[in-house]
Amino acid sequence: MVLPSGLVLLCVGDVAGHGIEAATSMVVLRNALRGLAVTGAGPAQLLSWLNIVAHHLTGAVTATAVCGLYDGELRTLRWARAGHLPPVLVRDGEATAMPTLKGLLLGAVPDAVYEETEVQLAAGDTLLMYTDGLIERRDRSVQESLSHLLSMARSAPCGLDQHLDRLLTHSRSDTDDDTCIVGLRLA
């Protein structure tokens, strides 16, 4: 979502559970985030407020999320996470998971604090934000599954759409969990 400031809000999240209750909670959190984001607050503050919404207004739902604000003029991404897997940065044929910042999942406690950092992006970089449904396996650790994703993300086809399609096609997930992947490629 493009904000009044010109920054782009990028967010991926995963609500615990399945069915109509989880879907309804996801809609509440998504709409709350969209409304809160127009305040101009940074990603850590947005997650803090979203945590309050999750804890008090959704019937004790828990969720994970990664939230970023992309500045196209400066090519910077400020981001924070709430119990979610970190984004992946693909640069010059190498894929790396961004640092695991401090931040509890949304709704766990009423006063969680979230760490925020900024990364400088460059022309040709690809940023991937995804849910655990892309990589999670019953017989592998999350770290092993993340390593497979990093290996697959390294060899990117020419277009972003093809890159994302390839990641989805070669996903080794076996949990039948919902999958979402958001990609940003800088020209």
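Everything numeric here is computed off the predicted structure, so don't read it as measured data.

Thresholds, definitions, all that
- Residues numbered from 1 in each chain as written.
- Predicted model: local features only at pLDDT ≥ 70, side-chain atom pairs only at ≥ 80, totals over all residues.
- Heavy atoms only, no water.
- Buried < 20%, exposed > 50% of the residue type's maximum accessible area, 1.4 Å probe, protein only.
- Helix = DSSP H or I, 4+ residues; strand = E, 2+ residues; numbered from the N terminus.
- Pairing = 2+ DSSP bridges.
- Axes fitted to C-alpha atoms, helices over the stretch in contact; angles between N-to-C directions.
- Salt bridge = Lys/Arg side-chain N within 4 Å of Asp/Glu carboxyl O.
- Expected span 1.5 Å × (residues − 1).
- Core = buried A, V, L, I, M, F, W, Y, C linked by side-chain atoms within 4.5 Å.
- Contact = heavy atoms within 4.5 Å.
- Parallel < 35°, antiparallel > 145°, perpendicular 65-115°, else oblique.
- Left-handed = near helix turned anticlockwise from the far one by under 90°.
- Nonpolar A, V, L, I, M, F, W, Y, C, P; charged D, E, K, R; others polar.

(A) Up close: the pairing of strand β7 (residues 126–130). Buried residues dominate β7, accounting for 5 of its 5 residues. Of the strand pairs in this sheet, strand β4 (residues 88–91) and β7 are connected by 3 bridges, and their pairing is antiparallel. Of the residues in β7, the one forming a bridge with Leu 89 is Leu 127. Strand direction decides the pairing type here: β7 and strand β8 (residues 181–185), joined by 5 bridges, are antiparallel. Looking at β8, one finds that Thr 126 is bridged to Arg 185.

(B) Looking closely at the sheet that holds strand β6 (residues 116–120). Judged by pairing direction, the sheet is antiparallel, and its 4 strands sit side by side in the order β1-β2-β3-β6 without closing on themselves. Looking at which strands have only one partner, the edges of the open sheet turn out to be β1 (8–15) and β6. Sheet twist, expressed as the mean angle between neighbouring strand axes with direction ignored, is 20 degrees. By the bridge criterion, 6 bridges tie strand β2 (residues 63–71) to strand β3 (residues 76–82) in an arrangement that is antiparallel. From the neighbouring strand, Tyr 70 faces β3, where its bridge partner is Leu 77.

(C) Here's a closer look at the pattern of salt bridges. In the structure shown here, the tally under the stated rule is 3 salt bridges. Notably, a salt bridge pairs Asp 125 with Arg 91, separated by 2.5 Å at the nearest N-O pair. A residue pair is termed long-range when its members are at least 10 positions apart, and Asp 125 in the loop between β6 and β7 and Arg 91 in strand β4 qualify at 34 residues. Looking at Arg 91, the relative accessible area reads 30%, which means it is partly exposed. Measuring nitrogen to oxygen at the nearest pair gives 3.7 Å for the salt bridge that ties Glu 94 to Arg 154. Of this pair, Glu 94 sits in strand β5 (residues 94–97) while Arg 154 sits in helix α3 (residues 142–154), and the two are 60 residues apart along the sequence. The exposure class assigned to Arg 154 is partly exposed, which follows from its relative accessible area of 33%.

(D) Quick peek at α3. In a regular helix each residue adds 1.5 Å, so 13 residues correspond to 18 Å; α3 covers 18 Å between its end C-alpha atoms and thus fits that length. Within the span of α3, buried status applies to Ser 145, Leu 146, His 148, Leu 149, Leu 150, Met 152 and Ala 153.

(E) The nonpolar core, seen in detail. Counting residues in hydrophobic clusters, the biggest one holds 24 residues, and the most contacted among them are Leu 9, Leu 29, Leu 46, Leu 47, Leu 106 and Tyr 114. Of all the secondary-structure elements, those providing two or more residues to this core are β1, α1 (19–37), α2 (43–57), β2 and β3. Per element, the largest residue contribution to this core is 6 residues, and it comes from α2. Residues within four places of Leu 47 in sequence aside, it is in contact with Ala 65, Cys 67, Ala 80, Arg 81, Ala 82, Leu 106 and Tyr 114. Membership of the second largest hydrophobic core comes to 16 residues, among which are Val 88, Leu 128, Leu 150 and Leu 167.

(F) Fine view of unusual backbone geometry. Not every positive phi belongs to a glycine, and Arg 75 is a case in point at roughly 55 degrees. Summarising the element assignment, Arg 75 is placed in the loop between β2 and β3.

(G) Molecular detail of the packing of α1 against α2. Remark: α1 packs on α2, axes separated minimally by 10 Å, with the N-to-C direction vectors making an angle of 140 degrees. Classified by the interaxial angle, the pair formed by α1 and α2 is oblique. Relative to α2, the crossing made by α1 is right-handed. Between α1, through Val 28, Leu 29, Ala 32, Leu 33, Leu 36 and Ala 37, and α2, the contact on the second element is made entirely by Leu 46, Trp 49, Leu 50, Val 53 and Ala 54. Of the residues in the contact of α1 with α2, the class split is 11 nonpolar, no polar and no charged.

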